[in-house]
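Coordinates in review
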Amino acid sequence: MTVQDYMKLPYSINTRHVVDESGSYYFAKVQELPGCMSDGETVEEVYNNIMEAMELSIEGLLESGFPVPIPIDSASYSGKFVLRLPKSLHAKLAIEAEQEGVSLNQYALYKLAHN
């Protein structure tokens, strides 16, 4: 496959608006391509920048002989998995969930997403 072939695939691009000590800007990264990220002052600019970063990342992988990760097929995941944990951690999470007024599943999802 060529760089252009990979660029046509549905990679997961996460974009967010950031306001920090350096100012207000947009940040984007490609979930399947570690280290592939960029920023820009506008949504359009960050999109163009991340596309360029993707192209360079894929090109570099191909030239170096490394495999290029393909996009994650989220349809193949059910959204469920079984997790075993120590009783003490289970109790701690259950108590925290109750204090927040949410189910243990909702609380665990929140903790995983904000880590």
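Residues numbered from 1 in each chain as written. Predicted model: local features only at pLDDT ≥ 70, side-chain atom pairs only at ≥ 80, totals over all residues. Heavy atoms only, no water.

**Observations concerning a nonpolar patch on the surface**
Which entries qualify depends on this criterion: A patch consists of residues exposed above 30% relative accessible area that lack any salt bridge, with like charges linked at up to 9 Å and nonpolar side chains (Val, Leu, Ile, Met, Phe, Trp, Tyr) linked at up to 5 Å. Using the Shrake-Rupley algorithm and a 1.4 Å probe, accessible areas are obtained, with residue cover drawn only from the displayed protein chains. Should a side-chain nitrogen of Lys or Arg be within 4 Å of a carboxyl oxygen of Asp or Glu, the pair is scored as a salt bridge. Numbered from the N terminus, helices here are DSSP runs of H or I no shorter than four residues, and strands are runs of E no shorter than two.
There is a patch of nonpolar side chains on the surface, built from F81, L83, L85, L89 and L112 and spanning about 520 Å² of accessible area. With respect to the helices, strands and loops of the structure, L85 is situated in the loop between α2 (43–64) and α3 (87–100).

**With respect to the sheet that holds strand β3 (residues 37–40)**
Here is the rule: If DSSP finds at least two bridges between two strands, the strands pair. Simply put, an axis is a line fit to the C-alpha atoms, just over the touching stretch for a helix, and the angle between two N-to-C directions goes from 0 to 180 degrees.
Pairing in this open sheet of three strands is antiparallel, and the strands run β1-β2-β3 from one edge to the other. Of all the strands in the sheet, just β1 (13–20) and β3 have a single pairing partner and so form its edges. Averaged over all adjacent pairs, the angle separating strand axes in this sheet is 25 degrees, with direction ignored. Across four bridges, the pairing between strand β2 (residues 23–30) and β3 is antiparallel. Opposite A28, over in β3, you have S38 as the bridge partner.

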